[in-house]
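So you can see what is in the structure, the chains are spelled out below.
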Amino acid sequence: MDVIICKDPAEVGRTAARRVMEILRRTSQPVLGVATGSSPLDLYHELARAVGAGEVDLSNLSCFALDEYIGLEPNDPNSYADTIRQTVTEPLHLDPARVHVPRGIGEDLDQGCRDYEEAIRVAGGVDVQILGIGANGHLGFNEPGSSFGGRTHLQRLTEQTREDNQRFFGDRDVPTHCVTQGLGTIMDARHLVLVAMGENKADAIAAACEGPVTAMCPASILQFHPDAWVVVDRAAASKLHHHWVEPVGVTQ
Ligand code: GLP
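This text gives an overview of the structure that appears in the document. None of the values given here were measured: they were computed from a predicted structure.

Section: the site of the ligand
Here comes step 1: The local shell around the ligand holds 14 residues, among which S38, S39, D67, R167 and K201 are the closest.
Here comes step 2: Side-chain polar atom of S38 to an oxygen atom of the ligand: 2.7 Å apart, as the coordinates give it.
Here comes step 3: At 2.6 Å, a side-chain N or O of K201 approaches an oxygen atom of the ligand.
Here comes step 4: Coverage of the ligand by the protein amounts to 94% of the 390 Å² it exposes when considered alone.
Here comes step 5: Its residues assigned to classes, the shell around the ligand comprises 3 nonpolar, 8 polar and 3 charged.

Next up, the structure:
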């Protein structure tokens, strides 16, 4: 695991975007795993800027999102399908047919989970997966206690996660269930880039990076990944004790 501590959230976005582009440029049919939440927004802005400036060609890019709420139509403004469309597909000028989000509505959602796994496999697997982290250490919607070997599955949300995400829903209730890639699915990505900022993520980052590897902090599984970058601002890094060293070849 490499932990990169940046001076502010904007630098987190730039640093993470550089890493993501470096990986995507290596292949002609790149596959990017995308996350929702506020944490990756600066990263997406930086990718959009680089696309606009001609610094990277993402015209062949395929994307797979981590998760979706159950019961929301894809055009519902609170659905992750719509969020990904607004924050990723349109700003990066991607072909919508190549941007995939787990299906949270319709019949046989278990079959939808299996189909999603198959679609990732057919695309050649994820080259680089962007991740945020929940205040309780969740990845995607893999809440504490989730299996480290899990594949895409249906899951009940914890009350803390529903409360954390209430800010996006206004007067509406946050759905109680979701579809999420499993931790095993996430760990299959060839590279991982987790971004986090702010003091309210400091405990989760410390537990994920320096705590024991335990299902009670799902993000701690990153310690087992051969190429995981954790890019944080100083506030999110404030409870780390280890002296993290900048990886060779990174220019901040
Ligand atoms: C949600 C998403 C996660 C995300 C997390 C943190 O629950 N399912 O993928 O990482 O929230 O969100 P934020 O970045 O807004 O703090």
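Points about unusual backbone geometry
Here comes step 1: The phi dihedral of H93 is positive, around 55°, even though this residue is not glycine.
Here comes step 2: One can find H93 in the loop between helix 3 (80–89) and strand 5 (99–100).
Here comes step 3: The exposed category is assigned to H93, whose relative accessible area is 65%.
Here comes step 4: Its identity as a non-glycine residue notwithstanding, D108 has a phi of 45°, on the positive side.
Here comes step 5: Its place among the elements puts D108 in the loop between strand 5 and helix 4 (109–122).
Here comes step 6: The class for D108 is partly exposed, based on a relative accessible area of 47%.

Scoring rules and cut-offs
- Residues numbered from 1 in each chain as written.
- Predicted model: local features only at pLDDT ≥ 70, side-chain atom pairs only at ≥ 80, totals over all residues.
- Heavy atoms only, no water.
- Near = heavy atom within 4 Å.
- Polar contact = N/O pair within 3.5 Å; in protein donor to acceptor, adjacent residues only side chain to side chain.
- Areas by Shrake-Rupley, 256 points an atom, 1.4 Å probe, with all protein chains shown as cover.
- Nonpolar A, V, L, I, M, F, W, Y, C, P; charged D, E, K, R; others polar.
- Helix = DSSP H or I, 4+ residues; strand = E, 2+ residues; numbered from the N terminus.
- Buried < 20%, exposed > 50% of the residue type's maximum accessible area, 1.4 Å probe, protein only.

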